[in-house]
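A structural walkthrough
As a plain string of letters, each chain reads:
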Amino acid sequence: MIKSTEFQKRRKQLLQQIGNTSLVILSSAPMRPRTGDAFYDYRQNSDFYYLTGFHEPEAIAILAPKRKEGEFILFNRPRNRDEEIWDGARAGQEGACQDYDADQSFPIAEFEKMLPDLLEGREHIHCTLGVNKEFDETLFKAINKIRGKIRSGLQPPIAFIDITPSIHELRLFKSPGEMALMRKAIDISVAAHGRAMQTCKPGLYEYQLEAEMMHEFFREGARQTAYTSIVGSGANTCVLHYIANKKRIEDNDLVLIDAGAEYENYASDITRTFPASGKFSAEQRAIYEIVLAAQLAAIKVAKPGAPWPAMQNAIIKELTEGLLELGLLKGKRDDLIEKQAYLPFYMHKSGHWLGLDVHDVGRYRTNGKWRTLQPNMVLTVEPGIYISKDIPGVPSRWHNIGIRIEDDVLITEKGCDVLSKNLVKEIDDIEALMR
Ligand code: GLY
Ligand code: MN
Ligand code: MN
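Rules used throughout
Residues numbered from 1 in each chain as written. Chains lettered and ligands numbered in written order. Predicted model: local features only at pLDDT ≥ 70, side-chain atom pairs only at ≥ 80, totals over all residues. Heavy atoms only, no water. Donors = N, O, S within 2.8 Å, 3.2 Å for Na, K, Ca; no water. Tetrahedral: all angles 85-135°; square planar, octahedral: opposite > 155°, others 65-115°. Helix = DSSP H or I, 4+ residues; strand = E, 2+ residues; numbered from the N terminus. Buried < 20%, exposed > 50% of the residue type's maximum accessible area, 1.4 Å probe, protein only. Contact = heavy atoms within 4.5 Å. Pairing = 2+ DSSP bridges. Axes fitted to C-alpha atoms, helices over the stretch in contact; angles between N-to-C directions. Salt bridge = Lys/Arg side-chain N within 4 Å of Asp/Glu carboxyl O. Phe/Tyr/Trp six-rings, centres within 6.5 Å; stacked < 30°, edge-to-face > 60°. Lys NZ or Arg CZ within 6 Å of the ring centre and 35° of its normal.

Here's the deal with the coordination of the manganese ion (ligand 3)
Taken together, Asp 269 (OD), His 352 (NE2), Glu 382 (OE) and Glu 406 (OE) make up the full set of protein donors to the manganese ion (ligand 3), lying 2.0 to 2.2 Å away. Note that the manganese ion (ligand 3) binds 6 donor atoms; their angles at the metal cover 51 to 155°, and the shape is irregular. Counting residues between consecutive donors of the manganese ion (ligand 3) along the chain gives the motif D-x82-H-x29-E-x23-E. The distance between the manganese ion (ligand 3) and the manganese ion (ligand 2) comes to 3.3 Å, with Asp 269 serving as a donor to both metals. Here Asp 269, found in the loop between strand 13 (266-267) and strand 14 (270-275), pairs with Glu 382, found in the loop between strand 17 (378-381) and strand 18 (384-387); they are 113 residues apart in sequence, far enough to count as distant. Its relative accessible area of 3% is what places Asp 269 among the buried residues.

Below, the structure is given as structure tokens:
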């Protein structure tokens, strides 16, 4: 659990950035209907959660620096016994103040009426525009109301500023409280991947391995995945975001599982690839060793000061050399790298930030330059080689070998900590675990 003092600290940091004549308005995630009157599982908007810790839908948070009645206002659902009997307890106005440290809380139905007063005299409005049509309309209606009274001395805002970059810059650097939750999410995923490897045998269906993963997630209190699990075997290992997970797993198949638990809103994102039979073939082994070498080379350069492309450059060098050695690429190494000859085999990037979102927020470039890694950033390192039968000129013995190896990495003062290091990834260790 993140302590309420940490949410307070985040709000304070944000307020320091925006100045006293500004106002922040943030909206919770909407509920999304799935069928008829049944809804998708509710997941709070990550930015809203990051600043408030509030889990309910139909809420709006306002930060109003130097406002005398209090700087943090939460508009949320009032208590309602009839509805709570069906859907469970709500914080209500009292809970918003007591449990979430709002200085004031009002029923969400009051928001539209109160908004003009809150906006009046504030020069810069920090919010998201173009995300929620209904919210945008409410905001502009309130502003037009103030504009209509300009001759009475009311002052409408003069600028709208996208709030997300400021929040995302804070979110990029993980606190000890966040790291505890991320480590938990990752540990659950590590156990789940190990369980799937141990259960795997030819004749099972991909979804049965997915079920083994979910079993481990749920029993450890991770009720959501951080993204839809990818469980691909055979040719499906070459489909990067394969999520059908419904093929029978055959004897000579490789199995690629890219799956991660979400724990208390924090994501993990791990991929392992292993042979269905428990024993790598010569070709599978050869490609696996190249991908593993590339992944280890990328992890080696992941340290403070390294520019973001350092991992990708290390991966490309290893993959190109490896494919050249096997005769799957032909030419001179440097020319092949220059021409991006690896692209038919490796068509994605080295990884991404990881946090509340699986593809977490935070800029990769700032001021026109690649960002350098700094302590407390968390990222994935996930090279792969995917030899679909559509790549021209590749002998058929290499076909349907798709391998990705993905770990979650925390940048530390001295280098990095591979948070998912307890999950086997050397060939001998995978084969031993599967035995
Ligand atoms: N699972 C999506 C990714 O690895 O980025
Ligand atoms: Mn992944
Ligand atoms: Mn990833």
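Still more ground to cover, so stick around.
Section: the side chain of Glu 406
Looking at the secondary structure, you find Glu 406 in the loop between strand 19 (401-404) and strand 20 (407-411). The contacts of Glu 406, once residues within four sequence positions are left out, are Asp 258, Asp 269, Ile 270, Thr 271, Arg 272, Gln 295, His 352, Thr 380, Val 381 and Glu 382.

Points about the sheet that holds strand 10 (residues 230-233)
Strand order across the open sheet formed by 3 strands is 10-11-14, with antiparallel pairing between neighbours. Where the open sheet ends on each side, the last strands, each with one partner, are strand 10 and strand 14. On average, each strand axis in the sheet is inclined to that of its neighbour by 10°, with strand direction left out of account. Here strand 11 (residues 254-259) runs beside strand 14; their pairing, made up of 6 bridges, is antiparallel. Across the sheet, Val 255 pairs through a bridge with Phe 274, a residue of strand 14. Packing against the sheet, helix 8 (residues 176-199) makes contact with strand 11 and strand 14, and its axis sits at approximately 15° to strand 14.

Quick notes on the pattern of salt bridges
Tallied over the entire structure, the rule returns 31 salt bridges. Glu 56 is the salt-bridge partner of Arg 77, the closest N and O atoms lying 3.3 Å from each other. Of this pair, Arg 77 sits in the loop between strand 5 (72-76) and helix 3 (81-87) while Glu 56 sits in the loop between helix 2 (46-52) and strand 4 (60-63), and the two are 21 residues apart along the sequence. In this structure, Arg 77 and Glu 56 share a single accessibility class: buried. Lys 279 serves as the salt-bridge partner of Glu 431, at 3.3 Å between the closest nitrogen and oxygen. A residue pair is termed long-range when its members are at least 10 positions apart, and Glu 431 in helix 13 (residues 427-434) and Lys 279 in the loop between strand 14 and helix 10 (282-301) qualify at 152 residues.

Topic: the coordination of the manganese ion (ligand 2)
Protein coordination at the manganese ion (ligand 2) comes from Asp 258 (OD), Asp 258 (OD), Asp 269 (OD) and Glu 406 (OE), with a distance range of 2.0 to 2.4 Å. If you look at the manganese ion (ligand 2), its 6 donor atoms make angles of 56 to 170° with each other, and the shape they trace is irregular. The motif formed by the donor residues of the manganese ion (ligand 2), counted along the single chain, is D-x10-D-x136-E. Judged by relative accessible area, which is 0%, Glu 406 ranks as buried.

What about the packing of aromatic side chains?
According to the stated counting rule, one finds 11 aromatic pairs in the structure shown. Each ring, one from Phe 7 and one from Tyr 49, has its centre 5.6 Å from the other, and the planes form 80°; the classification is edge-to-face. Of this pair, Phe 7 sits in helix 1 (residues 4-18) while Tyr 49 sits in helix 2, and the two are 42 residues apart along the sequence. Summarising the burial analysis for this pair, Phe 7 and Tyr 49 share the class buried. A ring pair is formed by Trp 308 and Trp 353, whose centres lie 4.7 Å apart and whose planes are at 55°; its orientation type is tilted. Of this pair, Trp 308 sits in the loop between helix 10 and helix 11 (309-325) while Trp 353 sits in the loop between helix 12 (333-338) and strand 15 (365-366), placing them 45 residues apart in sequence. The pair formed by Trp 308 and Trp 353 is uniform in burial state, with each residue classed as buried. An aromatic cluster is built from Phe 75, Phe 106 and Phe 111, whose rings are joined through pairwise contacts. Here Lys 184 stacks its cationic end above the ring of Tyr 263, 5.6 Å away from the centre of that ring.

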